[in-house]
Amino acid sequence: MKRSETPHGGRGSSRAMPSLRRSRAKKAGLPAESLVYTGDRSGGAVRISIIDYDEKTVVEQERATVEQCIPFRDKPTVTWLNIEGVHDAAVLEQLGECFGLHRLVIEDIMNTDQRPKTEDFGEYLYIVLRMLSPVPGNGVVSEQISLILGRNFVLSFQDGIEGDVFNPIRERIRAGKGRLRKLGADHLAYALLDAIVDNYFVALEQFGEKVDRAEDRLIEDPTESTARAIYGLKRELLLLHKAVWPVRELVGALARHDSDLISQAAVPYFRDVYDHIVQVIDTVEIFREILSEMIGIYLSSISNKLNAVMKVLTIIATIFMPLTFIAGVYGMNFKHMPELEWRYGYFFIWLVMISIGVGMYFYFRRRKWM
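Each value, and the rule that gives it
Residues numbered from 1 in each chain as written. Predicted model: local features only at pLDDT ≥ 70, side-chain atom pairs only at ≥ 80, totals over all residues. Heavy atoms only, no water. Helix = DSSP H or I, 4+ residues; strand = E, 2+ residues; numbered from the N terminus. Buried < 20%, exposed > 50% of the residue type's maximum accessible area, 1.4 Å probe, protein only. Contact = heavy atoms within 4.5 Å. Areas by Shrake-Rupley, 256 points an atom, 1.4 Å probe, with all protein chains shown as cover. Arc of directions from axis to C-beta. Pairing = 2+ DSSP bridges. Salt bridge = Lys/Arg side-chain N within 4 Å of Asp/Glu carboxyl O.

### Section: the overall build of the protein chain
(1) Moving on: Assigned secondary structure in the protein chain consists of 8 helices and 7 strands.
(2) Moving on: In the protein chain, buried positions account for 46% of the 370 residues.
(3) Moving on: Taking as baseline every contact in the protein chain between residues at least 6 positions apart, the subset at least 24 positions apart corresponds to 70%.
(4) Moving on: Carbon and sulfur atoms form 57% of the exposed surface of the protein chain, whose accessible area is close to 19,700 Å².

This is the structure we're talking about:
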């Protein structure tokens, strides 16, 4: 083993927020416990990193093998294994055998479109949720995170994106700051959950900036492209809602202290995470109302524009109605029409028509119809 001071490095390829209609065709017709990867990662090696610590020491190892993880299974210290890449069934099966994981848990880890949930298997808790990472110019990327909380270990499984939100926790462990090194694996699981939930605020802040820009465009010039942008934001918000809404139930179950793996001392911390996720959900609901109102404003603006155009056309048509009547009367080819033989008839009709048009124009202006 070696002591490492190197900060955690990059991750694999990034992915945009998943579709609402994710394909499950790979698992169609297969029996339960079939280990089939449903994500988008095309290949590459599974990367395992180990951080083992107690109040006095920290042992860290990058790019470990499954065999190197086995000695940490029964150590009294707290062990954190971070596994990047859930596409290799053989590696996950070996880890499952090493830490006594049920095959259905391995199946859920490889199914990267799980609904956030927690399950108690007695000797360990299985927790799954989504990590949201804002990417400048590329919206929000989403990744499934699976956590296994044992009595003296925590396993975190990532599908592999560039970077994660766990680096501050790694630095706290290395530096010995705070109470993390003095407490057990349940406090480490809390810290990981808290980092994920806190990053939801960052993602929502970036989303809020996009909503503000769309709102400014809507007020200045409500065009068809503005409507497309609003509907795009509404779709993105649905994906955010799908990711964060079930987390309240998940964290609430952990905060109820139903498992022996969570100490009484850790319960207040999980309740704090619960408060945070409630704030996140409230923010999502506020954004949903704002976007619904923006769609209503857009439709009202288009209707008002149409009404303005129709009002102008109606005024024009109204002014020309008597003029058309006069022109129609004197356009008839009757021989005995007295005004046809009058020397000034043509100029008089023009004067009458212009007077009628101008008079109606000023009448409409005085009534504030135009």
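### Some points on the side chain of His276
(1) Moving on: Mapped onto the elements, His276 comes out in helix H7 (residues 267-329).
(2) Moving on: Among residues more than four places away in sequence, those in contact with His276 are Asp194, Val197, Asp198 and Phe201.

### Observations concerning helix H4 (residues 167-175)
(1) Moving on: For H4, every residue scored as buried is listed here: Ile169, Arg170, Ile173 and Arg174. Buried positions in H4, seen along its axis, are confined to an arc of 135 degrees and lie on one side of it.
(2) Moving on: In this structure, the buried residues of H4 make contact with strand E1 (47-53), strand E2 (58-64), strand E3 (78-84), strand E7 (153-158) and helix H5 (185-220).
(3) Moving on: Following H4 by one or two positions, Gly176 has its phi on the positive side, about 70 degrees.

### Looking at the pairing of E2
(1) Moving on: Burial analysis of E2 places 5 of its 7 residues in the buried class, which makes it a mostly covered element.
(2) Moving on: Taken together, the 5 bridges between E1 and E2 define a ladder with antiparallel strand orientation. Counted as the bridge partner of Tyr53 is Val58 from E2.
(3) Moving on: The antiparallel pairing of E1 with E2 creates a hairpin that spans 4 residues between the two strands.

### Section: the pattern of salt bridges
Two side chains of opposite charge can pair, provided their charged atoms sit close to one another.
(1) Moving on: Scanning the entire structure with this criterion turns up 15 salt bridges.
(2) Moving on: A salt bridge links Asp52 to Lys75; its shortest N-O distance comes to 3.4 Å. Of this pair, Asp52 sits in strand E1 while Lys75 sits in the loop between helix H1 (66-69) and E3, and the two are 23 residues apart along the sequence.
(3) Moving on: Judged by relative accessible area, which is 3%, Asp52 ranks as buried.
(4) Moving on: Using a relative accessible area of 30% as the deciding quantity, one classes Lys75 as partly exposed.
(5) Moving on: As a salt-bridge pair, Lys242 and Asp113 come within 3.8 Å of each other at their nearest N and O atoms. Linking Lys242 in helix H6 (residues 224-255) with Asp113 in the loop between helix H3 (103-110) and strand E4 (117-120), this pair joins segments that are 129 residues apart in sequence.
(6) Moving on: Classification of Lys242 by relative accessible area gives partly exposed; the value is 38%.
(7) Moving on: Among the charged side chains, a salt-bridge network with shared partners connects Glu60, Glu171 and Arg174.

All quantities given are derived from atomic positions and should not be read as evidence of function.
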